[in-house]
Every structure is written in structure tokens, then in C-alpha cells.
Amino acid sequence: MKLRTPLTSFIGQKLGRLTIIDIYRDAKSNILAKAICECGNDWTGYFVRVQSGNTYSCGCYAKELKQKSFKLQAMKRRKTPRKKLTGKEGFYWR
Ligand SMILES: [Zn+2]
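Reference entry: report on the structure contained in this document. Source: prediction; values computed, not measured. Residue positions within a chain follow its written sequence, with the count starting from 1. For a predicted model such as this one, the threshold for reporting local features is a pLDDT of at least 70, and the threshold for listing and counting side-chain atom pairs is 80 or more; totals across whole chains, interfaces and linings nevertheless cover every residue.

## Some remarks on the nonpolar core
Within the largest apolar cluster, 8 residues are counted, these being Leu 18, Ile 20, Ala 33, Ala 35, Trp 43, Phe 47, Val 50 and Cys 58. Numbering of helices and strands starts at the N terminus; helices are DSSP runs of H or I of at least 4 residues and strands are runs of E of at least 2. Mapped by element, the contributors of at least two residues to this core are β2 (18–25), β3 (31–37) and α1 (47–52). Two residues form a contact once the distance between their C-beta atoms, set from the backbone, is within 7 Å. Excluding its chain neighbours within four sequence positions, the residues that come into contact with Val 50 are Leu 15, Gly 16, Leu 18, Ala 33, Ala 35 and Thr 55. A set of buried residues qualifies as a nonpolar core if it consists of Ala, Val, Leu, Ile, Met, Phe, Trp, Tyr and Cys joined through C-beta atoms within 7 Å. Any residue whose C-beta has 12 or fewer other C-beta atoms within 10 Å is treated as exposed, any with 20 or more as buried, and any in between as partly exposed, C-beta atoms being built from the backbone.

## Re the pairing of β3
Bridge analysis of β2 against β3 gives 7 bridges, and the strand direction is antiparallel. Residue pairing across strands places Thr 19 opposite Ile 36, the latter belonging to β3. When DSSP finds at least two bridges between two strands, those strands are taken to pair. What sits between β2 and β3 in their antiparallel hairpin is a turn of 5 residues, with Ser 29 showing a positive phi close to 60°. Alignment of β3 against strand β4 (residues 42–46), held across 5 bridges, turns out to be antiparallel. Note that in β4 the partner of Ala 35 across the bridge is Trp 43.

Listed below in C-alpha cells is the structure:
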């Protein structure tokens, strides 16, 4: 299997808040990336996750989002009816 872009070309690149410092394969030939986050933490995980944008930070960004939405919820804490979940998402009906 050939990849269009050599993986090593991603080293030094910044994806989201993560700056890739190393890319390697583990024993199961998963491609792993080592990165440093803007907040100073280092992060290691599947490279595809950073490349696809699923992973944006070491986790600090998600924490910030949570805090933000928590604040919003606190502001919106009136009697607003909750949206009903359809349950259709993630399922495929034939
Ligand atoms: Zn971080």
C-alpha cells in the first residue's frame, strides 16, 4: 500500500493545536503520531485522528468547549423544553 504523501512530511506541521514531532508505526502497524499541544502538553495517538481533524488538541480544547457550553447552559437555564432525540442518527434503516 502506497501513500500519496510520505508520512514524515507531516513532521513539524501543525494540525489544530498539535504540532507533529514524530510519526511511527506500532507493532500492529497502526500509524501513531507524537505531538506537542499549544498548551504545552504532549500527545500521542492515532495519526489519522489528527489528520482527519477528529483530534484537535491534547484534550484542552474539548475542556474549554465544555466550560463554554456549561456557561451557556447556565445562562439559558430557563424553562426551555429539551429537544427530543430522534435516535436515527448513527443508524441506517433499510
Ligand atoms: Zn492542549
